[in-house]
Each structure stands twice: as structure tokens, then as C-alpha cells.
Amino acid sequence: MRVEGPVKPGLRMECADERRLVLLQGATPVLFARQRANHHGVHYGRTGRYVSPMAPLRAEQARAFAEFATPGTEEWTSRWAAHAETELRTATEGPLHTGEWRLGPRTRGWFVDGNWPKLLAHDPDRGHLTWFGYGDPVEDARDLLPLRALSPVEAPRVRAYRRQYREGVLPPVFAWWISGLNSPVVLDGHDRLTAALAEGGRPEVLVLSRAVDADWVARCAARPIRGYEEQVAALDGTSGAGLLISYESRRLAENLRAITESPDATWAWPFPGGAPAWDAAAAAHVPGWAPDADR
């Protein structure tokens, strides 16, 4: 989707140096993050002040969308994506800014099944996300970062969503890919996330990201296309060539789709005052948070 403005969104990342990041909603800091010196992860501190830029969903709307299309199907997903796009385009403190965007499911193996239960068991306001393991605590290997503390599983709103999950009509969670965190964050649907996990399942997730441009796609696609052409030429005239070429064609299509749907880097604006100002702001808004700069 093409977005014509604003140039600087209400919900945005700002960067004090190569490793110090802050997520601002208007003038309010909602998340401070400091990348590890060894690039193995990121320390974060939530301020507890995040507010979803989208209006609350009604149960009647969830059931109406489920009647329109079977939950989890492409038609159902597209309808919810269109709903989220409308909400985000009109949000004054949402993440959209001028450029090309994509909103849809992450189709290529980002979310690991074994990591979902960790979100309910381990979601501290002052925590750490490991990017590649490297002997970090196993509970820090999570694939999605909530921007506020998750509600108790017996909270009234969560219980209502748990009922929707059991009925098979629970709306998706809307997330935003932030490349500086190397993680999606929850834009809207914290209680829906809790509900699905409390029921022993996992939610449908639609991820917002900046779209890669056509030149980048062409450069990345050149190698797999060349490899496919060489494979087809080598198979020409051999026994079973048709079946093998069909397999190679499907594999090429999957590779090209993955390239096209890759998220582009998230824009970040300069944080006024640089690192000293970031340190002071982090100390003021996340008292007692002291990320280990070398860990």
C-alpha cells in the first residue's frame, strides 16, 4: 500500500547512536532499547504508556468477518488487513509515514512454535530479546515483543477473547516489524494474544512493515532466476524432466515470494541530544533499568 504522509509519524523509532533506540508515541516514550555490543540481542525497557492507535474491536465485528470468510483463509486475512489499513491511515499516533508498506502474514518461518508459550511465562517490562541464541537464557528467545504488559489470563476482556478463540472467530493480532529490534512489536491485540496463548494455541498475526523496492527485488531475484534457468536447461530431455521442472518452478516461486515480501529497514529519526539525552530519558522513564552494555 502506498502512503502519502505524514513525513514523520506519531509512532516512530528515534535513534541516539548506533545502539540506543527509543519508541515514541507523540512525545511519550513507550519503549527504550539498547542493542548488545556483540549484536546477539537487545535489552529493552517498557514504560507502560503505550496506547493502541486502533479502535477496540467489537465481538459482532469478529463474528461478521468470520461469516464472510473462514478464519485463517486468505479472504479472511485480506479483510482484516483492509480493516487495519483503514484504522492506521487515520491514526494520529500510528506508525505509517510516506512510502510503500505491506501488511500481511509472515509466510516464511519467523514465528517458532516453541517460542509462543514463553510470552505468557516470561514477559518482563525490563527484559532482553536474544536474536540468535548463543547460550542466552532460553526464555529470552521470543519472536514477538508486546509494547505493554500482558493482562492476566482471567481478566474480563481476555476471557471474552478466549471465548472467541474457542468459537474460532478471534481476530488477528496486528504487529509492526522494527528492524532495529529485529522483532515485530504488538501494535494492537495484546489481549487477543493473551487469550490465544491461554487457550493453548497461537493467534493469527498480520505484520506491518515497510515494503522493499522493485530494484532491490530485481537484484535479489537475479541469482535464483539464473539458477532456475540453469537447472531447467540441464534437465531438458532427461527422464522425468517434466516433474523435476515442475518442482523447481514451485521452489522458484516460493523464493521470489519470500524476496518480494521481505520487510525493508525501519526508518528511525535522530533523538535530540544524542546518547547523553537518551541515557537521562531512559533513567527517568524506566527507573532502575540498567542494560548491560557488554552482554
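Residues numbered from 1 in each chain as written. Predicted model: local features only at pLDDT ≥ 70, side-chain atom pairs only at ≥ 80, totals over all residues. Heavy atoms only, no water.

## Side note on the packing of aromatic side chains
For clarity, the cut-off: The pairing test for Phe, Tyr and Trp rings, Trp by its six-membered ring, is centres within 6.5 Å, and the orientation test on the planes gives stacked under 30 degrees, edge-to-face over 60, and tilted for anything in between. The helix count covers DSSP runs of H or I at least four residues long, the strand count covers runs of E at least two residues long, and both are numbered beginning at the N terminus. Each residue is placed in one exposure class: buried if its accessible area under a 1.4 Å probe, protein chains only, is under 20% of its type's maximum, exposed if it is over 50%, and partly exposed if it falls in between. Geometrically, a charge over a ring is one whose NZ (Lys) or CZ (Arg) sits within 6 Å of the ring centre while staying within 35 degrees of the ring normal.
Taken as a whole and judged by the stated rule, the model has 7 aromatic pairs. Ring geometry for W76 and W80: centres 6.5 Å apart, planes at 75°, overall edge-to-face. Of this pair, W76 and W80 are both found in helix α2 (residues 74-90), 4 residues apart, which corresponds to roughly one turn of the helix. Summarising the burial analysis for this pair, W76 and W80 share the class buried. Aromatic rings pair up to connect F32, W278 and W289 into one cluster. If you follow R79 out to its NZ or CZ, it ends over the ring of F65, 4.7 Å from the centre.

## A few points about the pattern of salt bridges
As a reminder of what qualifies: Salt bridge, as used here: a side-chain nitrogen of Lys or Arg that lies within 4 Å of a carboxyl oxygen of Asp or Glu.
Throughout the structure, instances matching the rule amount to 22 salt bridges. A salt bridge links R12 to E14, with the shortest nitrogen-to-oxygen separation between them at 2.9 Å. The exposure class assigned to E14 is buried, which follows from its relative accessible area of 3%. The shortest N-O distance in the salt bridge between R157 and D191 comes to 3.9 Å. In this pair, R157 sits in helix α4 (residues 156-167) while D191 sits in helix α5 (residues 190-198), placing the two residues 34 residues apart along the sequence. Overall, the relative accessible area of 10% leaves D191 in the buried class.

## Some details on the environment of N255
Structurally, the position occupied by N255 is in helix α7 (residues 241-260). Among the residues examined, N255 registers a relative accessible area of 28% and is labelled partly exposed. With 42 residues separating them in the primary sequence, N255 and D213 have C-alpha atoms 16 Å apart.

## Focus: the packing of α4 against α5
Threshold: Only the contacting stretch of a helix is used when fitting its axis, a line to C-alpha atoms as for every element, and angles between N-to-C directions run 0 to 180 degrees. Between 65 and 115 degrees an angle is taken as roughly perpendicular, under 35 as roughly parallel, over 145 as roughly antiparallel, and anywhere else as oblique. In a left-handed crossing the near helix is turned counterclockwise from the far helix by less than a right angle, and in a right-handed crossing that turn is clockwise. Only heavy atoms enter the contact rule, under which two residues are in contact if any of them lie within 4.5 Å. Side-chain classes are defined by residue name, with Ala, Val, Leu, Ile, Met, Phe, Trp, Tyr, Cys and Pro counting as nonpolar, Asp, Glu, Lys and Arg as charged, and the others, Gly among them, as polar.
Two elements in contact, α4 and α5, have axes whose closest approach is 8 Å; the angle formed by their N-to-C orientations is 60°. One element, α4, and the other, α5, form an angle in the oblique class. The handedness of the crossing between α4 and α5 is right-handed. Across the interface between the two elements, R157, V158, Y161, R162 and Y165 of α4 pack against D191, R192, T194, A195, A196 and A198 of α5. Counted by class, the contact of α4 with α5 contains 6 nonpolar, 1 polar and 4 charged residues.

## So, the sheet that holds strand β10 (residues 205-210)
Put simply, the rule reads: When DSSP finds two or more bridges between a pair of strands, those strands are recorded as paired.
One open sheet holds the 5 strands; their spatial order is β1-β6-β10-β8-β9, and the pairing between them is mixed. The two strands at the open ends of the sheet, each matched to only one other strand, are β1 (2-3) and β9 (183-188). In this structure, strand β8 (residues 173-178) lies alongside β9, joined through 5 bridges in antiparallel fashion. Considered in β9, the bridge of F174 is made with D188. Here α2 sits on the sheet and contacts β1, β6 (99-104), β8, β9 and β10; the angle it forms with β10, its principal contact strand, is near 50°. Along the sheet face, α5 touches β8 and β9 and points at about 110° away from the line of β9.

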